[in-house]
Number of protein chains: 10
Amino acid sequence: MLFQVEMTVKLPPEMPAERVAEIKATEKAYAQELQKSGKWRHLWRVAGSYANVSIFDVEDNAELQDVIGSLPLFPYMEVHVKPLCRHPSSIREDDS
Amino acid sequence: MLFQVEMTVKLPPEMPAERVAEIKATEKAYAQELQKSGKWRHLWRVAGSYANVSIFDVEDNAELQDVIGSLPLFPYMEVHVKPLCRHPSSIREDDS
Amino acid sequence: MLFQVEMTVKLPPEMPAERVAEIKATEKAYAQELQKSGKWRHLWRVAGSYANVSIFDVEDNAELQDVIGSLPLFPYMEVHVKPLCRHPSSIREDDS
Amino acid sequence: MLFQVEMTVKLPPEMPAERVAEIKATEKAYAQELQKSGKWRHLWRVAGSYANVSIFDVEDNAELQDVIGSLPLFPYMEVHVKPLCRHPSSIREDDS
Amino acid sequence: MLFQVEMTVKLPPEMPAERVAEIKATEKAYAQELQKSGKWRHLWRVAGSYANVSIFDVEDNAELQDVIGSLPLFPYMEVHVKPLCRHPSSIREDDS
Amino acid sequence: MLFQVEMTVKLPPEMPAERVAEIKATEKAYAQELQKSGKWRHLWRVAGSYANVSIFDVEDNAELQDVIGSLPLFPYMEVHVKPLCRHPSSIREDDS
Amino acid sequence: MLFQVEMTVKLPPEMPAERVAEIKATEKAYAQELQKSGKWRHLWRVAGSYANVSIFDVEDNAELQDVIGSLPLFPYMEVHVKPLCRHPSSIREDDS
Amino acid sequence: MLFQVEMTVKLPPEMPAERVAEIKATEKAYAQELQKSGKWRHLWRVAGSYANVSIFDVEDNAELQDVIGSLPLFPYMEVHVKPLCRHPSSIREDDS
Amino acid sequence: MLFQVEMTVKLPPEMPAERVAEIKATEKAYAQELQKSGKWRHLWRVAGSYANVSIFDVEDNAELQDVIGSLPLFPYMEVHVKPLCRHPSSIREDDS
Amino acid sequence: MLFQVEMTVKLPPEMPAERVAEIKATEKAYAQELQKSGKWRHLWRVAGSYANVSIFDVEDNAELQDVIGSLPLFPYMEVHVKPLCRHPSSIREDDS
């Protein structure tokens, strides 16, 4: 089941540089693991921002919560979720 | 080059049913042609709405305008565009 | 799988009274059928408005779209959807 | 009398981890006590967020204020309240 | 039980003048009857607008819905409701 | 002359508890003095929030500014003001 | 007593040209009469819009309502009111 | 050339009282100097707020930027600017 | 003197096709004349919309109002204006 | 390919003055280098604010992200991006 998720990251300006580097590295590793598992299907940077547009493919709402709530950057994110489903005009077999 | 486009359709309530059917059919044919050409890469319905989330893959801003401005439903749509680019944590080769 | 859905109805002021009565009757019959089936789990009026707060229990996003998109009043509604899941502090067995 | 309440929690990033754990534990105990008493009728997590959608069943507005204002996390919450009442199309006997 | 209700009236510009006069007269009669009954405790015009700020004193949420949903101008109003209760610093005996 | 005033209090989370208690006590004393003088005519808690809805009865805009700007909690408040006047449908003699 | 009033005019596109000319002429005559009386102290066009910023000098809120509610264009306006008073740093004797 | 400028001041709660007094005194002196020069034509307090409505009379956009950007409180202000010009219904000779 | 102006066009859906063609032709001729005179310095389409971003170079606010208020599409536009001036980091001689 | 970018700078009030001066100097040098390269085509101050309106001319979305994400002030900016393309009424050869 697909969800579009937009995440905007707002790190506190006073966070020490090492802590920033560390949390970003953990986030990247976690994001890549989720992509490999197929749960984080697409991940794009929104040009000109510290934000992304993502497509998640999860079992249900509960798994979406598990996955997003476990992001290392979650406490510093503004997150917007839209449930998606097959569009009647879509021709892609794998997009639902 | 990728863009996320969100379209919400608001047809005037007084539009005759035949006109609605006609414009939707033309829209569908046009959307499928664009998908076949690869320009409209993804098309999803936002569940519970008359809206979609789409990913376009076009040459440049000008082509994006051509493609969206030619949609039969364009005069009845609210459209939001976000330019996308490769995310440093992405592992998909074809997502940029 | 649960979703909270808020619907606000805005009928065009020029809609004839018989048409209003007819569409409301069809809506009511459809809403009650969906409640009996268990898909529309809760339905409350928001006091002082022509709006409701509802909880749907559906198979997935696609079924949510089917159910809401088929509402007779759908073309006249503003709809907001929130995907829900079990809260870690919840004690109700049947609320997820 | 029923109210829909949406709560979004925003803890200050500088709050020490022990303090966070402590306040969450107190909140959970209090929330479960209120659920057992019947006053906090439903409690759902909004998937992908640190927010919940809840249904309270209280005597009156004053009790709603007592219950919500006493939440340990109240000083860190954004709260939205909607008064609910029976919907004319509802078929559930216990939903008003 | 008290509620603050703000109502902003937006009549369609094409409504005939006699119809406007008629609906306003009915609204006034109904508003005065509700004031006499004690249910519509205060009614003020917001200066420079076609809007009012009101305080209702009703049994519960259901009665609030009955009273507001029956206003002749209800289909042409934008309505905002806030549930009120006694303020701990209030000194008025009759304000809760 | 009447004004509706809505005040939402946002105390900084790092304010020491004694300072909070002190400022709230001063605020309460000041609010009750203003109520006794008749200038702060009504004061209600908005249920489920740290906010109030108030009706002030002052000489003019300048006095409104004096009264509100002198509130001990003023630096921590978001304040919205609406000038009120007699509603043509009001039947209360003392509500203007 | 001074108020800042911002008015944005939105005439329905289907209003006949003669009716537009007529209502604008009546509005202009009324606005100039109010300026001569001193009640409409300043009137400026917001450059690039069909809107104005105005300063009214009236007895009280009730007179503000009388003056604005009687504008021929009132039913087609969006109006925002801010009560003003003397600023402690002002040096103009006539600006309060 | 005239501009309407609205300034809302938000001082950080942790700013020491002497620093607040100092910056306000500098601001006042600067504001009065600008009023004497004729560049800051009107200055009003918005009643019930720490905000003002002002009319500036400057040579051009560049001078507006110089004047506002030099305000001692500028780093702590939210500022909104509207370019003004003569209104066709205005009768004041000096209001453009 | 420079201004950024954003214009979004919303034609009423019921406007006859010939009238649309006519008003667009008049708008285009007028826009090109203003560009030739140097007053409309830049004109870009916002990709994926019926909107433009423009830079005007006019004598003063009054001329901005003349130029924009005379656009044939002005009654169907939402217009946002920002006064611009030279940026201290700019290196272009002709950009102020 | 052109993009309109609006940047609003919000420096934390507690940033030391030397750090502010340093980051602004680095930003200025970087901005001027980008202007010389042709990538930052226009840069204007929005009068009365700590914000700019800019036009970037870059290869694609990815380069836009590189350029903006590398701004020294990027962590302290709110950024809004609009993709631009040639307007059918434009007469400038170099504006697309």
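Above this note sits the structure.
Heads up: these notes are all about the structure in this document. (Residues numbered from 1 in each chain as written. Chains lettered and ligands numbered in written order. Predicted model: local features only at pLDDT ≥ 70, side-chain atom pairs only at ≥ 80, totals over all residues. Heavy atoms only, no water.)

1. Structural notes on the overall build of chain A
Phase 1: Regarding its fold elements, chain A presents two helices and four strands.
Phase 2: When the helices and strands of chain A are placed in sequence order, the string is β-α-β-β-α-β.
Phase 3: Projected onto its principal axes, the C-alpha coordinates of chain A cover approximately 50 × 25 × 20 Å.
Phase 4: Across chain A, every contact between residues at least 6 apart in sequence was considered, and the portion connecting residues at least 24 apart equals 68%.
Phase 5: Counting 11 positive and 15 negative side-chain charges, chain A places the centres of these two groups 6 Å from one another. (Helix = DSSP H or I, 4+ residues; strand = E, 2+ residues; numbered from the N terminus. Contact = heavy atoms within 4.5 Å. Lys, Arg positive; Asp, Glu negative; His and termini not counted. Charge placed at Lys NZ, Arg CZ, Asp CG, Glu CD.)

2. Some remarks on the relation of the copies chain F and chain D
Phase 1: It takes a turn of 72 degrees to lay chain F on chain D, together with a shift of 0.0 Å along the axis; the resulting RMSD is 0.0 Å. This pairing of chains is accounted for by a five-fold axis. (Least-squares fit on C-alpha atoms with pLDDT ≥ 70 in both.)

3. Some points on the relation of the copies chain B and chain A
Phase 1: Between the two copies, chain B and chain A, the superposition gives an RMSD of 0.0 Å; the rotation angle is 180 degrees and the shift along the axis is 0.0 Å. Put plainly, the chains are arranged around a two-fold axis.

4. Thoughts on the pairing of strand β1 (residues 2-9) of chain C
A regular strand carries its side chains on alternate faces of the sheet.
Residue and element names in this part refer to chain C.
Phase 1: Burial analysis of β1 places seven of its eight residues in the buried class, which makes it a mostly covered element.
Phase 2: Where β1 lies against strand β3 (residues 51-57), seven bridges are found, and the strand directions are antiparallel. Of the residues in β3, the one forming a bridge with V5 is S54. (Buried < 20%, exposed > 50% of the residue type's maximum accessible area, 1.4 Å probe, protein only. Pairing = 2+ DSSP bridges.)

5. Considering the sheet that holds strand β1 (residues 2-9) of chain J
Phase 1: Overall, antiparallel pairing links the eight strands, which are arranged β1(I)-β3(I)-β2(I)-β4(J)-β1(J)-β3(J)-β2(J)-β4(I) in a closed barrel. Across this sheet, the average inter-strand angle for adjacent strands is 35 degrees, counted without regard to direction.
Phase 2: Alignment of strand β2 (residues 40-46) of chain I against strand β3 (residues 51-57) of chain I, held across five bridges, turns out to be antiparallel. For R45 of chain I, the partnering residue across the bridge sits in β3 of chain I and is N52 of chain I.
Phase 3: Of the strands in this sheet, β1 (2-9) and β4 (77-86) of chain I together with β2 (40-46) of chain J are in contact with helix α2 (residues 61-69) of chain H, which crosses β4 of chain I at around 75 degrees. (Axes fitted to C-alpha atoms, helices over the stretch in contact; angles between N-to-C directions.)

6. Thoughts on the arrangement of the chains
Phase 1: Spatially, chain B is disjoint from chain F: no contact exists, and the shortest C-alpha separation is 29 Å.
Phase 2: Kept free of each other, chain E and chain J leave a smallest C-alpha distance of 29 Å between them.

7. Observations concerning the pattern of salt bridges
Pairing is possible between side chains of opposite charge, provided their charged atoms come close.
Phase 1: Evaluation of the coordinates by the stated rule reveals 80 salt bridges over all chains.
Phase 2: As a salt-bridge pair, D57 of chain B and R41 of chain B come within 2.9 Å of each other at their nearest N and O atoms. Separated by 16 residues along the polypeptide, D57 of chain B in strand β3 (residues 51-57) and R41 of chain B in strand β2 (residues 40-46) bring together distant segments of the chain.
Phase 3: Residue D57 of chain B is classed as partly exposed on the basis of its relative accessible area, which comes to 24%.
Phase 4: You can call R41 of chain B buried: its relative accessible area is 19%.
Phase 5: Here R92 of chain D ties to D95 of chain D by a salt bridge, and the two come within 3.9 Å at their closest N and O atoms.
Phase 6: The buried category is assigned to D95 of chain D, whose relative accessible area is 1%.
Phase 7: Through salt bridges with shared partners, a single ionic network connects R41, D57, R92, D94 and D95 of chain A. (Salt bridge = Lys/Arg side-chain N within 4 Å of Asp/Glu carboxyl O.)

8. Some thoughts on the interface of chain F and chain D
Phase 1: Contacts between the two partners involve seven residues from chain F and, on the opposite side, nine residues from chain D.
Phase 2: Interface of chain F and chain D: buried area, both sides summed, is about 540 Å²; carbon and sulfur atoms make up 63% of it.
Phase 3: Contact with chain D buries surface across chain F, with P13, A47 and G48 of chain F losing the most and accounting together for 73% of the total.
Phase 4: For the interface between chain F and chain D, the tally reads zero salt bridges.
Phase 5: Counted by class, the side of chain F that touches chain D contains four nonpolar, two polar and one charged residues. (Buried area = accessible area lost by both parts, 1.4 Å probe. Nonpolar A, V, L, I, M, F, W, Y, C, P; charged D, E, K, R; others polar.)

9. Remarks on a negative patch on the surface
Phase 1: Together, E14 of chain A, E14 of chain D, E14 of chain F, E14 of chain H together with E14 of chain J line one region of the surface with negative charge.
Phase 2: Structurally, E14 of chain J can be placed in the loop between β1 and α1 (17-36).
Phase 3: Under the relative-accessibility criterion, E14 of chain J is labelled exposed at 53%. (Patch = residues over 30% accessible without salt bridge, like charges linked within 9 Å, V, L, I, M, F, W, Y side chains within 5 Å. Areas by Shrake-Rupley, 256 points an atom, 1.4 Å probe, with all protein chains shown as cover.)

10. What to know about the sheet that holds strand β2 (residues 40-46) of chain D
Phase 1: An order of β1(C)-β3(C)-β2(C)-β4(D)-β1(D)-β3(D)-β2(D)-β4(C) is seen for the eight strands of this closed barrel, with the pairing classed as antiparallel. Each strand axis lies, on average, 35 degrees off the axis of its neighbour in the sheet, ignoring direction.
Phase 2: Each of β2 (40-46) of chain C together with β1 (2-9) and β4 (77-86) of chain D is contacted by helix α2 (residues 61-69) of chain E, which is oriented at about 75 degrees to β4 of chain D, the strand it contacts most.

11. Considering the interface of chain B and chain A
Phase 1: Contacts between the two partners involve 30 residues from chain B, matched on the other side by 30 residues from chain A.
Phase 2: Across the interface of chain B and chain A, roughly 2900 Å² is buried in total on both sides, 59% from carbon and sulfur atoms.
Phase 3: At the surface where chain B touches chain A, the tally comes to two salt bridges.
Phase 4: For K82 of chain B, the salt bridge is made with E6 of chain A, and the minimal N-O distance between the two is 2.7 Å.
Phase 5: Applying the counting criterion to the chain B and chain A interface returns 21 residue pairs in polar contact (both at pLDDT 80 or more).
Phase 6: Of all the secondary structure elements, the ones that give two or more residues to the side of chain B that touches chain A are β1 (2-9), α1 (17-36), β2, β3 and β4 (77-86) of chain B.
Phase 7: When its residues are assigned to classes, the side of chain B that touches chain A shows 13 nonpolar, eight polar and nine charged.
Phase 8: Looking at chain direction, strand β2 (residues 40-46) of chain A and β4 of chain B are connected through three bridges and run antiparallel. Note that in β4 of chain B the partner of R45 of chain A across the bridge is C85 of chain B. (Polar contact = N/O pair within 3.5 Å; in protein donor to acceptor, adjacent residues only side chain to side chain.)

12. Things to note about the environment of F74 of chain B
Phase 1: Tracing the chain through its elements places F74 of chain B in the loop between α2 (61-69) and β4.
Phase 2: In this structure, the C-alpha to C-alpha distance between F74 of chain B and K10 of chain B, residues 64 residues apart in sequence, is 10 Å.
Phase 3: Once residues within four sequence positions are removed from consideration, F74 of chain B is found in contact with I68, G69 and V79 of chain B together with G48, S49 and Y50 of chain I.

13. Observations regarding the state of the cysteines
Phase 1: Here the structure, examined in full by the defined rule, presents zero disulfides over all chains.
Phase 2: Distance from the sulfur of C85 of chain H, which forms no disulfide, to the nearest cysteine sulfur (C85 of chain I) is 19 Å.
Phase 3: Judged by relative accessible area, C85 of chain H falls into the buried class, the value being 7%. (Disulfide = S-S within 2.5 Å.)

14. A closer look at the side chain of H87 of chain G
Phase 1: When you line up the elements, H87 of chain G lands in the segment after β4 (77-86).
Phase 2: Relative accessible area serves as the criterion here: at 10%, H87 of chain G is assigned to the buried category.
Phase 3: Setting aside anything within four residues of it in sequence, one finds H87 of chain G in contact with L43, W44, R45 and N52 of chain H.

15. Considerations on helix α1 (residues 17-36) of chain G
Residues and elements named next belong to chain G.
Phase 1: With 20 residues, α1 extends 29 Å between its outermost C-alpha atoms, agreeing within 8% with the 28 Å of an ideal straight helix rising 1.5 Å per residue.
Phase 2: At its buried positions, α1 is contacted by β2 (40-46), α2 (61-69) and β4.
Phase 3: One or two positions beyond α1, positive phi appears at G38, with a value near 90 degrees. (Expected span 1.5 Å × (residues − 1).)

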